[in-house]
2 protein chains.
Amino acid sequence: MFSVSARTQYAIRAMAHLARLEGKSATAADIASAQGIPLKYLEGILSRLKLSGLVESERGKNGGYRMQGRAQDVSMLAIVEAMDGSVKPVSCVDSAASCAQGRACLPRKFWIGLKSAIDAYLNEHSLKDIVEGDQV
Amino acid sequence: MFSVSARTQYAIRAMAHLARLEGKSATAADIASAQGIPLKYLEGILSRLKLSGLVESERGKNGGYRMQGRAQDVSMLAIVEAMDGSVKPVSCVDSAASCAQGRACLPRKFWIGLKSAIDAYLNEHSLKDIVEGDQV
DNA sequence: GTATATTCCTACTATTCAGATAGGAATATA
DNA sequence: TATATTCCTATCTGAATAGTAGGAATATAC
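Right, let's walk through the structure included here. (Residues numbered from 1 in each chain as written. Chains lettered and ligands numbered in written order. Predicted model: local features only at pLDDT ≥ 70, side-chain atom pairs only at ≥ 80, totals over all residues. Heavy atoms only, no water.)

## Focus: the protein's contact with DNA strand C
- Around DNA strand C lies a shell of 23 residues, among which Ala6, Lys40 and Arg59 of chain A together with Lys50 and Ser57 of chain B are the nearest.
- Near-protein atoms of DNA strand C (within 4 Å) split between backbone and bases, with sugar and phosphate holding 68%.
- Within the backbone of glycine 60 of chain B, an N or O atom sits 3.5 Å from a base oxygen of DNA strand C.
- Of all the secondary structure elements, the ones that give two or more residues to the surface near DNA strand C are helix H1 (6-20) and helix H3 (39-51) of chain A together with helix H3 (39-51), strand E1 (55-58) and strand E2 (64-67) of chain B.
- Residues that form the surface near DNA strand C fall into these classes: six nonpolar, seven polar and ten charged. (Near = heavy atom within 4 Å. Polar contact = N/O pair within 3.5 Å; in protein donor to acceptor, adjacent residues only side chain to side chain. Helix = DSSP H or I, 4+ residues; strand = E, 2+ residues; numbered from the N terminus. Nonpolar A, V, L, I, M, F, W, Y, C, P; charged D, E, K, R; others polar.)

This is the structure we're talking about:
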């Protein structure tokens, strides 16, 4: 229950890899072999990370990916959302109008509360916590 | 991300339905039509709820399902776990030995913390909150 | 004791989605 | 011009979820 996609786990490893390079860049192939991630799959992951502004890239020879900003400023929520979108226990979480049960939907507030709890936890932790391995 | 299965949502509606009967029983067919849940699918859900001790049943004519205990004593965690098992962001959450990354797995503590946050939220809320609709 | 209403059990089908793969276009460097 | 890279699009595959189907077991009522 509530399992995290392989994609998100890969993304965290990739970001942690880049974080350790302190601003230097790495190619997708470097990251893939170091982290044991299928290269072609990783390319898609890096593309999403780039769309979310978490990494920047350069094409061509000597190209690669570089982390944007400092590790302590990259929230885990940002990485998770870059991969699988916002936390949504139920689809109607952000609009009562879209709820099949309508106004009568009693569990809706409950799910919104769950979303808040998850978002808060993910937002309180940064990539730095992962890299340093000294979080909770 | 972190979406809840239809099964769990159905289960909550079914339990809320039973809770409102205050100890009286209802047939699967009653619940199915009142809550708009496919009957045959609901039967499987009720079977799991029974296995977890959340409802009891009686067969034959005048049979049906009855909620066990009081609504305030039925945690939402119990319902969720009855449907989809325990909260497990990553599969190695309960044993480092089963972690493919082994001792070197930095994110593991992070995921365990997430599990704790989710478990805590689900455990703090009961079926009573849902039925009364005045939670958070 | 027969008809009926119900839970309970097993198997099957359909659909969706995650994970992965493939090929090659665009682009930058040497 | 050769090469190394990101970037784009399409496709395949296996597993899981959601739902369906049929009937066995069991209890009640007449």
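## Thoughts on the protein's contact with DNA strand D
- Lining the immediate environment of DNA strand D, one finds 23 residues, of which Glu43, Lys50 and Ser57 of chain A together with Lys40 and Arg59 of chain B sit closest.
- Sugar and phosphate atoms represent 68% of those atoms of DNA strand D found within 4 Å of the protein.
- A distance of 3.1 Å is found between a phosphate oxygen of DNA strand D and a side-chain nitrogen or oxygen belonging to tyrosine 65 of chain A.
- Between arginine 59 of chain B and DNA strand D, the recorded distance is 2.9 Å, taken from a side-chain N or O atom to a sugar or linking oxygen.
- At the level of elements, H3, strand E1 (55-58) and strand E2 (64-67) of chain A together with helix H1 (6-20) and H3 of chain B are the ones that each hand at least two residues to the surface near DNA strand D.
- Tallied by class, the residues present in the surface near DNA strand D amount to six nonpolar, seven polar and ten charged.

## A look at the environment of leucine 114 of chain A
Residues and elements named next belong to chain A.
- Inspection of the secondary structure puts leucine 114 in helix H5 (residues 107-124).
- Relative accessible area serves as the criterion here: at 0%, leucine 114 is assigned to the buried category.
- Put simply, leucine 114 and valine 87 are 27 residues apart on the chain and 9.4 Å apart in space, counted from C-alpha to C-alpha. (Buried < 20%, exposed > 50% of the residue type's maximum accessible area, 1.4 Å probe, protein only.)

## A closer look at the pattern of salt bridges
- For the structure on display, the rule yields 16 salt bridges over all chains.
- Among the ionic pairs, aspartate 119 of chain B bridges to lysine 115 of chain B, the shortest N-O distance being 2.8 Å. Within this pair, aspartate 119 of chain B and its partner lysine 115 of chain B are both found in helix H5 (residues 107-124), separated by four residues, close to a single helical turn. Side by side, aspartate 119 of chain B and lysine 115 of chain B carry an identical accessibility label, which is buried.
- If you follow the salt bridges from partner to partner, you end up with Glu56, Glu58 and Arg66 of chain A in one network. (Salt bridge = Lys/Arg side-chain N within 4 Å of Asp/Glu carboxyl O.)

## A closer look at the relation of the copies chain A and chain B
- Of the two same-sequence chains, chain A is brought onto chain B (RMSD 0.1 Å, axial shift 0.0 Å) by a rotation of 180 degrees. Such a combination of turn and shift is consistent with a two-fold rotation axis. Of every C-alpha in chain A, the one belonging to phenylalanine 2 of chain A sits nearest the axis of rotation, 2.6 Å from it. (Least-squares fit on C-alpha atoms with pLDDT ≥ 70 in both.)

## Details of the interface of chain A and chain B
- Taken together, the contacts link 36 residues of chain A with 36 residues of chain B.
- At the boundary of chain A with chain B, total buried surface from both sides reaches about 3400 Å², with 71% on carbon and sulfur atoms.
- Along the contact surface separating chain A from chain B lie zero salt bridges.
- For the pair chain A and chain B, the number of links is ten residue pairs in polar contact (both at pLDDT 80 or more). (Contact = heavy atoms within 4.5 Å. Buried area = accessible area lost by both parts, 1.4 Å probe.)

## Re the nonpolar core
- Membership of the largest hydrophobic core comes to 92 residues, with the highest contact counts inside it found for Leu122 of chain A together with Leu122 of chain B.
- For leucine 122 of chain A, the residues in contact, after removing those within four places along its chain, are Ser75, Met76, Leu77, Val80 and Val87 of chain A together with Phe2, Phe110 and Leu114 of chain B. (Core = buried A, V, L, I, M, F, W, Y, C linked by side-chain atoms within 4.5 Å.)

## A closer look at the environment of aspartate 119 of chain B
Residues and elements named next belong to chain B.
- Residue aspartate 119 is classed as buried on the basis of its relative accessible area of 15%.
- Each C-alpha atom, one on aspartate 119 and one on serine 86, is 8.8 Å from the other, the two residues being 33 residues apart in sequence.
- Not counting chain neighbours up to four residues away, the residues in contact with aspartate 119 comprise Leu77 and Val87.

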